[in-house]
Structures are given as C-alpha cells and as structure tokens.
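# Architecture at a glance
Chain residues, written in single-letter form:
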Amino acid sequence: MGANYVFSLQPTFTQGLIFGQLSILVLLVFVLKYLFMDSTKYPFETTSYHPRINSDSIMRSQKPYNQASGESELNKADESAEWLNLLLHQIVGTYRSKLRNDLPGPGGDEVARKRVEDYANKIRPASFLDKIVVHSVDLGSSAPHLCNGRRVHPSPSSNPQEIEFDVNYVDSVSISLSTSYLFNYPMPLFARLPVALTISLSLFKSSVTITPPIHTSPAPTLTFSISPTFTLDLTTMSLMGSRAKLANVPKLHDLIQHQVHRVLATKGVWKVVLPGLVTVDEVKQEVNNELADAAPS
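The notes below deal with the structure included here. (Residues numbered from 1 in each chain as written. Predicted model: local features only at pLDDT ≥ 70, side-chain atom pairs only at ≥ 80, totals over all residues. Heavy atoms only, no water.)

## Details of the environment of Ala143
To keep things clear, this is the line we draw: Secondary structure elements are taken from DSSP: a helix is a run of H or I of four residues or more, a strand is a run of E of two residues or more, and numbering for both begins at the N terminus. Each residue's exposure class comes from its accessible area (1.4 Å probe, protein chains only) as a fraction of the maximum for that residue type: buried when under 20%, exposed when over 50%, partly exposed otherwise.
As for its position among the elements, Ala143 is in the loop between strand E1 (133-138) and strand E2 (145-152). Judged by relative accessible area, which is 4%, Ala143 ranks as buried. As a C-alpha pair, Ala143 and Gln90 span 53 residues in sequence and 8.7 Å in three-dimensional space.

Written out as structure tokens, the structure is:
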C-alpha cells in the first residue's frame, strides 16, 4: 500500500519530498564536479595562474649572512662561532651549486627545478595525488647561523661530552608547484581537484647537539641532532579548484606545516661516517640494531 502511495501517478507530498531531495543531491554533485573539480584529460592546461611569493621582500626583511661579514667577525678578539658559520655557508653553497649542475642563471634554475620535480613524483602517493608539476624553485642564498656554542655536561652514565649550538635559519627558499587531488569514488578517477601551492621558509629555529664518536663503538660516527621542540614557520599560498578557486585555505596551510614538522622531527638525527673507519652500510646496520634494541619486546 505504501509503495503504491509513493509511485502513484497523482502528485503527493511524499513524492515531492523524495524528488526534491534527489534534485538537490544531483545539483550538488554537478556544482562540485563542474565548478570546483576538473575532469579534463590534461588538468594543468586549465590552471594558468600559480601563486608566487616575492623572495626579494623576504630577503629585505632579514640580515643575510655573507662571507665579508663572516671575515670581519673572525677578526674580533673574542672567541665566536663565526668561523663555523663561514665554513657552513661555503658547504651549503657547494650543495646549492651542485644541485644546479654548477650552471648559473636560468639554465641552473631549470636543472634544479627538474631534479626537485622528479624527486617529488618519485615519493608522491600515486593513488590519490596526480602528477606534480614544479613551476619554480628558489634554493635561497643564505645558510643556517650558529651561535651560543656550549658544552653539555654529561651524566655519569652518558656518552662522551656533547656540544650544543643554537641555530637560526631565515632564507628565501621556496617552491611553487601544482597537482590534483584524485577522487576515486564512486569510480576510479571520478574527478580531480586542482591545487596550486607556493611554500616558502619564514623561520627555522632550534638547538643542535653534536655528539662525538664513541671510541669503542663498532661503527663510530659524528652525530648531529636537532631538538624535538624546534620552531618552524612556513608561508603558504594556495589556490584550490578549477573554475571557482579557493585561495589560501587555512586548513591546507596547517596540514602542510604539520607534515613538514613531523618529517623533520622523525628524521632529525644525522650521522656522519668517519672516513677510513666505517662504511655507510655498517652505520645503517648499527642504527637498525639500536632501533631493534629500543623496540618493546
């Protein structure tokens, strides 16, 4: 009786309610799919604007570290860490140059951009993230600045005496990219949500602990570790959507900053192999053994 009432030819309140709900649902699907989503075969052709951050304004707001200032600091009578900052600046500059294949100008920029893009697509989760296109990369021009070097007095049961520094890093490092979030429901590749991002470093601040090698260790290494309570500030500019765009979504900024913070906290220990004493494979085996011993049984 109820079924006949719903599907009767005479319009009823129940029929109107059901068809009204269905029409709203269909309208919502069409709005999301054709206004915000992108169902084209080549989604990157539909996004002509990518947010950019003015790196010049970032560099003007800070006091950059350079070789001339480092050398002037070295002439001071008081002991300081400027000699170490000068060395660190040269090391970072060397890595920066090799990432560009030692090429100046636009040629080096393109080499760095392509390398970053290849690495990003290598580690991306392909099940829900489309191909990543990197539009520009700024490798910066500064280096982390160390200060307040001090000895950490060890406890009787601890390893050799450690050295601790405070580190501050402000630079114009940034990356501009675009990709699409893939919706695989109710069918594979049902829709794409284009996302354009520009991420730049505003501030990194932490304490760094240097642990000397243990003489009796089977794989002695020089260990650098950052404090788990480090400060990381990123500037994020974003555009989401195809025809209608949402700009600078706060939740997206929070998600990106949280993920970068988590990765740094997880991988915040670096071991430097001592030449002639141990190999990288032996150090990896030693680290695996330490993790196995620390794991709960």
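Having seen the model, we can carry on.
## Points about helix H5 (residues 82-99)
Put simply, the test is: To estimate how far a helix should reach, multiply one less than its number of residues by 1.5 Å.
In a regular helix each residue adds 1.5 Å, so 18 residues correspond to 26 Å; H5 covers 26 Å between its end C-alpha atoms and thus fits that length. If you check which residues of H5 are buried, you get Glu82, Leu84, Asn85, Leu86, His89 and Arg96. Downstream of H5 by a residue or two, Asn101 has a phi angle that is positive, lying close to 60 degrees.

## With respect to the layout of surface pockets
For the record, the criterion: In this analysis a 1.4 Å probe is tested at points of a 1 Å grid over the protein atoms alone, and where it fits but cannot get out there is a cavity; an open set with protein on both sides within 12 Å along at least five of seven lines is a pocket; lining residues have an atom within 4 Å of a point. Grid points are joined across faces, edges and corners, and a volume is the space filled by probe spheres set on the points. In the scheme used here, Gly and all other residues not listed as nonpolar or charged are polar, with Ala, Val, Leu, Ile, Met, Phe, Trp, Tyr, Cys and Pro taken as nonpolar and Asp, Glu, Lys and Arg as charged.
If you add up the space inside the second largest pocket, you get close to 370 Å³. Among the secondary structure elements, those contributing two or more residues to the lining of the second largest pocket are strand E9 (269-273) and helix H8 (280-294). No other element matches the six residues that H8 contributes to the lining of the second largest pocket. Of the residues in the lining of the second largest pocket, the class split is seven nonpolar, two polar and four charged.

## Comments concerning the pattern of salt bridges
Opposite charge on two side chains allows them to pair when their charged atoms are near. The cut-off we apply is this: A pairing counts as a salt bridge when a side-chain nitrogen of Lys or Arg comes within 4 Å of a carboxyl oxygen of Asp or Glu.
Applying the stated criterion across every chain, the model contains nine salt bridges. One salt bridge in this structure joins Arg96 and Asp171, with 3.6 Å as the shortest N-O distance. You can see Arg96 sitting in helix H5 and its partner Asp171 sitting in the loop between strand E3 (162-169) and strand E4 (174-183), a full 75 residues away along the chain. You'll find Arg96 and Asp171 in the same group, each marked buried. Of the charged contacts in the structure, one is a salt bridge between Asp102 and Lys98, with a shortest N-O distance of 2.8 Å. Look at Lys98 and you get partly exposed, because its relative accessible area is 47%. It is possible to trace a salt-bridge network through shared partners that takes in Glu110, Arg113 and Glu117.

## Some words on unusual backbone geometry
Here the phi dihedral of Asp102 falls at roughly 60 degrees; this positive angle occurs in a residue that is not glycine. Considering the arrangement of structural elements, one finds Asp102 in the loop between H5 and helix H6 (105-123). In this structure Asp102 comes out as partly exposed when scored by relative accessible area, which is 40%. Residue Asn248 is not a glycine yet carries a positive backbone phi of 50 degrees. For Asn248, the location among the structural elements is in the loop between strand E8 (246-247) and helix H7 (250-266). Residue class for Asn248 comes out partly exposed when judged on its relative accessible area of 43%.

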